[in-house]
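# Survey of secondary and tertiary structure
The residues making up each chain are set out below.
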Amino acid sequence: MPDQQPNKHNGVPEDSSTELSSAFPETPTLGAMGAQPLLDKEDLSHSAPQSAEAVGVTDREVARSLWQDAWRELRRNPVFLISGVLIVLLLLVAIWPGLFDSTSPLSCDLSKSQLGPTSGHPFGFDTQGCDVYARTIHGARASITVGVFATAGAALLGTLMGGLAGFFGGWIDAVISRIADIFFGIPILLGGLVFLSVIPSQSIWVVVGFIVVLGWPQIARIARGAVITAKQQDYVTAAQALGAGNSRMLLRHIMPNALAPIIVVATIALGTYISLEATLSYLGVGLKPPTVSWGIDISSAADTFRNAPHMLLFPAGALCITILAFIMLGDAVRDALDPKLR
Amino acid sequence: MGRYVIRRLLQMIPVFIGTTFIIFAMVHALGDPVNALFGDKAPDPAVAAQLRQSLGLNDPLWLQYLHYMRGIFTGDLGKTFSGEQVTSLLASAYPTTLKLTAVAFSIEVILGIGLGLVSGLRRGKSVDTLVMVFTLVVISIPVFVIGYVLQYLLGVKWGIVNATAGYGAPISDLILPGFVLASVSLAYVARLTRTTVAENSKADYVRTATAKGLPRRRVITHHLLRNSLIPVITFLGTDLGALMGGALVTERIFNIQGVGYWLYQGIVRQNTPTVVGFVTILVVVYLLANLLVDLLYAVLDPRIRYA
């Protein structure tokens, strides 16, 4: 730290308990940016200059990583808070649907076919006389399972392939990039229609596997770019000069720094994968009954939409809220992790 | 530039082969097409064997693929099971899809860039918030839900437009389907334009242009937009291919007999030649659109020079 008197941006007197100080005050990005006006105010109230040692110690103690900054940013973002609450609620519904509903989605009474909402059955009944509320609650599990696991799979595979391609370059990069191009060249809905009608079993995991197979190139591209950028940084050269092996450099030095864009793309992809699953189920190649899924319900309600719109609107509403929550989360995470967009 | 185009075309060859082979192999795994041809009835073994022989189904997969590829380059996509040439079916279906895609694409470009420009120039104002909320909501509603709801409201309840496209799919019947097809991409275009416009409106060259006294309109169209649209055009290019594939859902809802409609019928009826032919053509269009985007870069951004 400099020996001269602390100036406005550099070494503002502050105790370590405040969250205002930054390890690199000269570049007021990330969390420090929002705190800058406060810092200026602070500067006026504290006129007594501090010793250089005290400043140095304080700064070292409060050095924050990108992740801590992002987390601080997120906590103050109303979009994140709203989507976070929604997602926690949706996860609860997906894991313990019994908490929200006691009737079974598969116990149906044909005499109540297509009846509108009544007391005790707020969403009405579908063509088979099943309670739409129960089906909407129980349908959450399929959508969210597909979304979460497909994203996890695509992110893992994409990061692995993209990371290897970016790190090693040369022929490995060429081969992986061409393979990615091949899968990228198949429009995802077309591919889904062809691939999924081939496979007779329509369990959730088949759909997850398909989305992973066609979804990974998108994440691999981002990962490759991020790894190439991180690879050229001085600290990687330093690590190499110190004799670090490939795996150590990749895992300890490059990956943590290349992870942010991957996480952003993956969170946004989660919402779109849920939408994709519903669309595939609607086309009749995704999930199949007796699995309870919003896509299946919307598809079967579509034919009688003009007479009984409630059958379509309630599961569709639940689907939209779920996708909205995940896309909002992705937006908030991107805003927090990407200082350029501020 | 010329060398770059050639290199890109060469790179496309393995991608084209890989993609079409995957599709070919997958469609052939759909099941025995000869059985599908007979529907519920069990075919006479001798007839089935003869059909397999004449359709070349006894050859190994790679040989069938090679035969097929030779056909593609001579303009022969084979026959559907009803005896019609796939190319003639394609020729009758493709104009409809092209019309639908053109309508959707115009809506996407005009509305998307317009909304994005307005909100990007007034960042933080209420117009901006409104556009952001609108696009977020549109993105989170799957296309088929938007389709059914709009069809019901505009077509059935209020009777403003025809609920389904009539014979020959006239343009006036395609506006609503076009809007539905474009909806999600429109929202992405608006958001992307907003980000880049907001970013570039603070750039030095915009300030210079304003300072030298250019009218605001000219600053926006010639200076700000020209630079802001580069990432938007990338998106639009890749989206053009996706729109044609995505027309599958829209064409089904609005009963438009385009490529997506026949493709869906082909898959349901296991009509292998139709499926392979249509998907191959769509993939080629998709790949070409991506190539075109890369080349457009150089036109839009003179700083990029392809060696």
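The preceding data block contains the structure.
Here is what the cut-offs are and how they apply
Residues numbered from 1 in each chain as written. Chains lettered and ligands numbered in written order. Predicted model: local features only at pLDDT ≥ 70, side-chain atom pairs only at ≥ 80, totals over all residues. Heavy atoms only, no water. Patch = residues over 30% accessible without salt bridge, like charges linked within 9 Å, V, L, I, M, F, W, Y side chains within 5 Å. Areas by Shrake-Rupley, 256 points an atom, 1.4 Å probe, with all protein chains shown as cover. Salt bridge = Lys/Arg side-chain N within 4 Å of Asp/Glu carboxyl O. Helix = DSSP H or I, 4+ residues; strand = E, 2+ residues; numbered from the N terminus. Buried < 20%, exposed > 50% of the residue type's maximum accessible area, 1.4 Å probe, protein only. Axes fitted to C-alpha atoms, helices over the stretch in contact; angles between N-to-C directions. Parallel < 35°, antiparallel > 145°, perpendicular 65-115°, else oblique. Left-handed = near helix turned anticlockwise from the far one by under 90°. Contact = heavy atoms within 4.5 Å. Nonpolar A, V, L, I, M, F, W, Y, C, P; charged D, E, K, R; others polar. Buried area = accessible area lost by both parts, 1.4 Å probe. Polar contact = N/O pair within 3.5 Å; in protein donor to acceptor, adjacent residues only side chain to side chain. Core = buried A, V, L, I, M, F, W, Y, C linked by side-chain atoms within 4.5 Å.

### Topic: a nonpolar patch on the surface
All names here are of chain A. Together, Val88, Leu91, Leu92, Ile95, Trp96 and Leu99 give the surface a local cluster of nonpolar side chains, amounting to about 570 Å² of exposed area. Mapped onto the elements, Leu99 comes out in the loop between helix H4 (78-95) and helix H5 (132-168). What makes Leu99 exposed here is its relative accessible area of 60%.

### Brief notes about the packing of helix H12 (residues 310-337) of chain A against helix H6 (residues 126-140) of chain B
Two numbers describe how H12(A) lies on H6(B): the axes approach to 8 Å, and their chain directions differ by 125 degrees. On the basis of the axis angle, H12(A) is oblique to H6(B). H12(A) and H6(B) meet at a crossing whose hand is right-handed. Facing Cys320(A), Ile323(A), Leu324(A), Ile327(A), Met328(A) and Asp331(A) of H12(A), the residues of H6(B) in contact are Leu136(B), Val137(B), Ile139(B) and Ser140(B). The residue inventory of the contact of H12(A) with H6(B), partitioned by class, reads 8 nonpolar, 1 polar and 1 charged.

### Here's the deal with the interface of chain A and chain B
The interface of chain A with chain B comprises 36 residues on the first partner and 45 residues on the second. Summing both partners gives a buried area of about 3600 Å² for chain A against chain B, and 78% of it is carried by carbon and sulfur. The largest per-residue losses of area from chain A upon contact with chain B belong to Leu190(A), Tyr282(A) and Arg306(A), which jointly make up 17% of the total buried on that side. Summed over the shared surface of chain A and chain B, the result is 1 salt bridge. At the junction of chain A and chain B, the tally comes to 5 residue pairs in polar contact (both at pLDDT 80 or more). Listing elements by their share of the side of chain A that touches chain B, those giving two or more residues are helix H6 (170-184), helix H7 (188-198), helix H10 (246-283), helix H11 (294-302) and H12 of chain A. Among the elements that take part in the side of chain A that touches chain B, H12(A) stands out by supplying 10 residues, more than any other. Grouping the constituent residues of the side of chain A that touches chain B by class yields 27 nonpolar, 5 polar and 4 charged.

### Some words on the nonpolar core
Of all hydrophobic cores here, the largest spans 132 residues; its most connected members are Ile211(A), Leu283(A), Leu312(A), Phe144(B) and Leu263(B). For this core, the element with the highest residue contribution is H12(A), accounting for 15 residues. Sequence-distant contacts of Ile211(A), defined by excluding residues within four places in its chain, comprise Val146(A), Ala150(A), Trp216(A), Tyr273(A) and Leu276(A). Counting residues in each nonpolar core, the second largest holds 13 residues, with Val206(B), Ile220(B), Leu229(B) and Leu236(B) among its members.

### Observations concerning the environment of Thr250(B)
Residue and element names in this part refer to chain B. Checked against the element boundaries, Thr250 lands in helix H10 (residues 216-254). On the basis of relative accessible area, Thr250 is assigned to the buried category, the value being 0%. For the pair Thr250 and Val184, spaced 66 residues apart in sequence, the C-alpha to C-alpha distance is 12 Å.

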